[in-house]
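# Residue-level structural notes
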Amino acid sequence: METYMLTQYLLAENSCLSQVDSEVMKRKHGHGKRGAGGQQLRVDLSACKYELFRIVAERLGWQIVPLGSTDWDLYWTDTSICQQRLLKLSPTQRINHFHGMLELCRKRAMARSLSALAAAAAPLGISYDFCPYTWQLPGQMTAFLAAAKAAGKKATFIVKPDAGCQGKGIKLVKGGSEDKLLKSLADIAATQAVAQQYVAKPLLVNGLKFDLRVYVLVADVDPLRVYIFKEGLVRFCTAPYKKPTSTNIDCAYMHLTNYAVNKHNTEAYVAAHASGYGSTQAVGAAGQECNVEAASKWTFKQLKHHLESQGKGCA
């Protein structure tokens, strides 16, 4: 399913690149077709560890340049980029990151920005309540401990590493006793992180928590130009949801929707295969075919259909 989604996302990237500069089309380095009558796009994947990108690049007809080559149109990297690399770009070369994007991609920096925007918007009557209050740790640890103590032991908080991904290092902790909270946070006391109050009553589908992966292409920052792919992924937990208690608070399969976490729940994870905009097959742990409704990943179209079947409006 990820291969299909990423192919469509990169098709949008390819379309944007073709509009950026006509000089890209005039370069004499390729003989294949790039889009309708253009030259073959050359991509450098030397800084990308994910095989999926190579599969998709080949499917799109892009040419993957050899290691060390500087003759490329698109440089796809898994990490942020420095200003020096940007200064070395030719007018027709593009990188899949903007300099300074860590201000959005790192959780503490994003929290600072949202907090500032919320403060500026409040006098205008604009609410930012779509984002829960966030404590930036360790700088706001004292304030967080005080809030957690005041909330009581029935309250639950989620703590995430600032630069973490794939569910690594995420912890759920209970409010109330400051000593117990500090003990729970002992292993990340000096780590940069964020803390938020946990949503204890989330919307469930078939008794499971889920999240939405939205595919967004930011083509320009000034002026801002953003493309949102009309499809996306719905990622499910693989253990039925229950309110956090001392017995289930550490059950990642129940509380975290990350694929990197739930794929290890081999008895419950159900793989989905996509064709077009909908899953056509779901495969269980034993390799047996399952109803696509049981898949651990859906498309937006599937979720919309399910919600509407339950009498819940969905735009």
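Here, the structure is the one placed above.
Before going into details, it helps to say that this report is about the structure given with it.

Glancing now at helix α7 (residues 141–151). Listing the buried residues of α7 in full gives Met141, Phe144, Leu145 and Ala148. Down the axis of α7, the buried side of the element spans an arc of 100 degrees, and every buried residue falls inside it. Exposed residues lying more than 90 degrees from the buried face of α7 are Thr142 and Ala150. Structurally, α7 contributes buried residues whose contacts are with β7 (134–137), β8 (156–161), α8 (178–184) and β10 (193–197). Phi turns positive, to about 90 degrees, at Gly152, one or two residues after α7.

All right, on to the packing of aromatic side chains then. Under the criterion given, the structure shown has 10 aromatic pairs. Between Phe53 and Trp76, the aromatic rings sit 4.8 Å apart at their centres with planes inclined by 40 degrees, giving tilted as the arrangement. Here Phe53, found in helix α3 (residues 51–59), pairs with Trp76, found in the loop between β5 (74–75) and α4 (83–87); they are 23 residues apart in sequence, far enough to count as distant. Grouping residues by exposure puts Phe53 and Trp76 together as buried. Pairing Phe236 with Trp298 gives two aromatic rings, centres 4.9 Å apart and planes at 70 degrees, and the pair type is edge-to-face.

Reading across the sheet, the 4 strands line up as β7-β10-β8-β9 and stay open at both edges, with antiparallel pairing between neighbours. Of all the strands in the sheet, the pair left with one neighbour each is β7 and β9 (171–174). Strand-to-strand twist in this sheet, taken as the mean axis angle between neighbours without regard to direction, amounts to 25 degrees. As defined by bridge partners, β7 adjoins β10 across 4 bridges and the pair is classed as antiparallel.

Basis of the calculations
Residues numbered from 1 in each chain as written. Predicted model: local features only at pLDDT ≥ 70, side-chain atom pairs only at ≥ 80, totals over all residues. Heavy atoms only, no water. Buried < 20%, exposed > 50% of the residue type's maximum accessible area, 1.4 Å probe, protein only. Helix = DSSP H or I, 4+ residues; strand = E, 2+ residues; numbered from the N terminus. Arc of directions from axis to C-beta. Contact = heavy atoms within 4.5 Å. Phe/Tyr/Trp six-rings, centres within 6.5 Å; stacked < 30°, edge-to-face > 60°. Pairing = 2+ DSSP bridges. Axes fitted to C-alpha atoms, helices over the stretch in contact; angles between N-to-C directions.

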